[in-house]
Amino acid sequence: MTTRYAALLRGINVGGAKKVPMAELRTLMEGLGYGDVRTYLQSGNAVFSADHGDEDSLAAELAGAIEKHFGFTVAVLVRDHAYLTAVREACPFPAAELEGKQLHATYFSGPVDAERFASVDPAAFLPEEFRLGDRVLYLYAPDGLGRSKLAEALSRPRLLKGVTATSRNWNTVVKLQELTGS
């Protein structure tokens, strides 16, 4: 059975580091046997179909191919359409009323619990807020991610120890969910 997935590459094409041209990424993914490969933006988003593997094995396969081809390590998360739909539907914030730059989803490589972020005092960052979901953190940052003090606090290495995390604005969350459904 063929499943549609989104591949989320962490930290590529930012500030001139870890350059991954999207056309090369598409060719690389097609060479792995993935079908209907499309990229979205230049920031490491790709959608594809596969009839083998699961999220973790596909992520490992793609990360290995990227390292071999480009010569550097890139963390890759792969999520299927059903998961992306669940993330979108479970959003605890009024997504339809907000600008895409105000709402973000940080995807994690594995489960995280509230205890991990217990040292972050939510009241100190209001009106910014966050909520946890299934392998995702929803962040409301009314002035955008670049100015968010809460995003900075939540991304401290000691809080993310043992998990890979990569964030997308809500416009990208919605687009990837839609692209994996088609």
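Residues numbered from 1 in each chain as written. Predicted model: local features only at pLDDT ≥ 70, side-chain atom pairs only at ≥ 80, totals over all residues. Heavy atoms only, no water.

In this structure, what is going on with the pairing of strand E7 (residues 136-140)? I would like to understand it.
Most of E7 is tucked away: five of the five residues are buried. With five bridges joining them, strand E5 (residues 103-108) and E7 adopt antiparallel strand pairing. Residue His104 lies in a different strand from E7, and its bridge partner there is Leu139. Adjacent in sequence and paired antiparallel, strand E6 (residues 129-133) and E7 are bridged by two residues, among which Arg135 carries a positive phi angle near 60 degrees. (Buried < 20%, exposed > 50% of the residue type's maximum accessible area, 1.4 Å probe, protein only. Helix = DSSP H or I, 4+ residues; strand = E, 2+ residues; numbered from the N terminus. Pairing = 2+ DSSP bridges.)

Can you walk me through unusual backbone geometry in this structure?
The bulk of non-glycine residues show a negative phi, and the bulk of peptide bonds are trans. Looking along the chain, the bond that leaves Leu126 and enters Pro127 is cis, with omega of 15 degrees. In the Ramachandran plot, Asp36 falls in the positive-phi region, its phi being about 45 degrees despite a non-glycine side chain. Structurally, Asp36 is set in strand E2 (residues 35-40). Although it is not a glycine, Arg135 adopts a positive phi angle of roughly 60 degrees. Considering the arrangement of structural elements, one finds Arg135 in the loop between E6 and E7.

How should the pairing of E2 be read in this particular structure?
Every other side chain in a regular strand lies on the same face of the sheet, so the side chains alternate between the two faces. Both E2 and strand E3 (residues 45-50) contribute to a ladder of four bridges, which runs antiparallel. Its bridge partner being in E3, Thr39 is matched across the sheet by Ala46. Taking the residues between adjacent antiparallel strands as the criterion, E2 and E3 are bridged by four residues, where Leu41 takes a positive phi near 60 degrees.

Can you help me understand the packing of aromatic side chains in this one?
Note on aromatic pairs: each is described by the distance of the centres and the angle between the planes. Throughout the structure, instances matching the rule amount to eight aromatic pairs. Here the aromatic rings of Tyr138 and Trp170 are separated by 6.3 Å at their centres, their planes lie at 45 degrees, and the arrangement is tilted. Note that Tyr138 is positioned in strand E7 and Trp170 in helix H6 (residues 170-181), a separation of 32 residues in sequence. Here Tyr138 and Trp170 have matching classes, each one buried. Within the aromatic cluster, the residues linked to one another by ring pairs are Tyr5, Tyr34 and Phe48. The ring of Tyr83 has Arg79 sitting right over it, with the charged end atom 5.5 Å from the ring centre. (Phe/Tyr/Trp six-rings, centres within 6.5 Å; stacked < 30°, edge-to-face > 60°. Lys NZ or Arg CZ within 6 Å of the ring centre and 35° of its normal.)

What exactly am I supposed to notice about the nonpolar core here?
Within soluble globular proteins, side chains that are nonpolar generally end up buried alongside one another. The biggest cluster of nonpolar side chains holds 25 residues, and the ones touching the most others in it are Phe48 and Val76. Counting only elements with at least two residues in this core, the list comes to strand E1 (3-9), helix H1 (22-31), E3, helix H2 (55-70) and strand E4 (76-80). The residues contacting Phe48, other than those within four sequence positions of it, are Thr3, Arg4, Tyr5, Ala6, Ala7, Met29, Tyr34, Gly35, Asp36, Val37, Leu58 and Val78. (Core = buried A, V, L, I, M, F, W, Y, C linked by side-chain atoms within 4.5 Å. Contact = heavy atoms within 4.5 Å.)

When you look at the sheet that holds E5 in this model, what are you seeing that I'm missing?
Strands belonging to one sheet form pairs held by backbone hydrogen bonds; the direction of such a pair is parallel or antiparallel. Reading across the sheet, the four strands line up as E6-E7-E5-E8 and stay open at both edges, with antiparallel pairing between neighbours. Every interior strand has two partners, whereas the edge strands, E6 and strand E8 (165-169), have only one. Going from strand to strand, the sheet's axes swing by 20 degrees on average, the running direction of each strand aside. With five bridges connecting them, E6 and E7 associate as antiparallel partners. Counterpart to Phe130 in the pairing with E7 is Leu139. (Axes fitted to C-alpha atoms, helices over the stretch in contact; angles between N-to-C directions.)

Any functional reading would require information that these geometric values do not contain.
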